Amino acid sequence: MSTDGRYRRIWNQVAIIPPGKVASYGQIAQLAGMPRGARMVGRALGRAPAELKLPWHRVLNAQGRIALPPDSRGYQRQQEQLQQEGIEVISGRVDLSRFGWRPTLDELVWGPGMLSDSDPGGESGA
DNA sequence: CGTGTGACTGACC
DNA sequence: AGGTCAGCCACAC
């Protein structure tokens with residue numbers, strides 16, 4: 001399994017976060033099959049090709065807080081895009097109990113993967 | 001190839 | 001509520 005392959009699974013998960021909802025790095029990591037890969041999610045987002053148009057702003061830390069440096073450009077952009085979707089952001093923080101994404105079985109099964117999933121190599125299982 | 005780092009997290013204090 | 005620590009793993013040196 002290549003690093004790129006893991007990143008792709010992460011990107012896939014981020015891509016299916018519905019508008020108006022947010023997920024944590026750890027949550028995305030878990031959905032991607034990497035229970036302790038929270039840090040890798042952040043790295044993957046940084047490496048994500050722009051053309052994927054990933055809703056990266058919907059990814060917050062376990063506290064519902066924006067993980068980027070408060071004085072950074074990305075921080076401001078993320079907060080702005082979240083509010084743009086109707087997500088209430090207070091002091092760079094979102095109430096996960098209200099806006100946290102609760103993935104449904106359908107979303108997990110019928111997500112980006114499925115018919116036209118770009119999976120050249122094919123996983124060794126499933 | 002060893003070390004330090006970080007868009008993280010959970011456990012402790 | 002905040003600070004420290006140890007895991008985590010790809011990456012830069």
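The structure under discussion appears in the preceding block.
Going along each chain's sequence as written, the residues are numbered from 1 onward. For this description, chains carry letters from A and ligands carry numbers from 1, given in the order in which they are written. Selection of residues for local features in this predicted model requires a pLDDT of at least 70, selection of side-chain atom pairs for listing and counting requires 80 or more, and totals for whole chains, interfaces and linings are taken over all residues. Water and hydrogen atoms play no part in the side-chain values, which are based on all heavy atoms of the structure.

A. Here's a closer look at the nonpolar core. Counting 19 residues, the largest nonpolar core has I10, V14, I17, I28, V41, L45 and V59 as the members making the most contacts within it. Elements with a minimum of two residues in this core: α1 (3–15), α2 (25–31) and α3 (38–47). Contacts are residue-level and defined by heavy atoms, with any inter-residue pair within 4.5 Å sufficient. The residues contacting I10, other than those within four sequence positions of it, are I28, A32, M34, M40, V41 and A44. One finds V22, L82, I87 and V89 within the second-largest nonpolar core, a separate group that totals nine residues. What we call a nonpolar core is a set of buried Ala, Val, Leu, Ile, Met, Phe, Trp, Tyr and Cys residues that are connected through their side-chain atoms within 4.5 Å. Exposure classes here rest on a 1.4 Å probe applied to the protein chains alone. A residue is buried below 20% of its type maximum, exposed above 50%, and partly exposed in between. Only runs of H or I of at least four residues qualify as helices and only runs of E of at least two qualify as strands under DSSP, and these elements are numbered from the N terminus.

B. Representation of the protein's contact with DNA strand C in the model. Every residue close to DNA strand C is listed here: T3, R6, Y7, R36, R39, M40, R43 and R47. When we say a residue is near a molecule or strand, we mean one of its heavy atoms is within 4 Å of it. Backbone atoms, meaning sugar and phosphate, form 86% of the atoms of DNA strand C found within 4 Å of the protein. In this structure, Y7 approaches DNA strand C through a side-chain N or O atom, which is 3.1 Å from a sugar or linking oxygen. N or O atoms closer than or at 3.5 Å make up a polar contact, with two conditions inside protein: a donor-capable atom paired with an acceptor-capable one, and, for residues adjacent in sequence, both atoms drawn from side chains. The separation between a base oxygen of DNA strand C and a polar side-chain atom of R39 is 3.5 Å. Contributions of two or more residues to the surface near DNA strand C are made by α1 and α3. Top element by residues in the surface near DNA strand C is α3. It accounts for four residues. Of the residues that constitute the surface near DNA strand C, the class distribution is two nonpolar, one polar and five charged. Gly is placed with the polar residues, together with every amino acid not listed as nonpolar (Ala, Val, Leu, Ile, Met, Phe, Trp, Tyr, Cys and Pro) or charged (Asp, Glu, Lys and Arg).

C. How the structure looks around the layout of surface pockets. Cavities and pockets were defined on a 1 Å grid built over protein atoms only: a cavity is a set of grid points that admits a 1.4 Å probe from which the probe cannot escape, a pocket is an open set flanked by protein on both sides within 12 Å along at least five of seven lines, and lining residues are those with an atom within 4 Å of any such point. Grid points are joined across faces, edges and corners, and a volume is the space filled by probe spheres set on the points. Looking at the second largest pocket, its volume works out to about 270 Å³. What lines the second largest pocket is a set of 14 residues, and nearest its centre among them are G42, L45, G46, W56 and L68. Here the lining of the second largest pocket takes three residues from α3, the largest share from any one element. Its residues assigned to classes, the lining of the second largest pocket comprises nine nonpolar, three polar and two charged.

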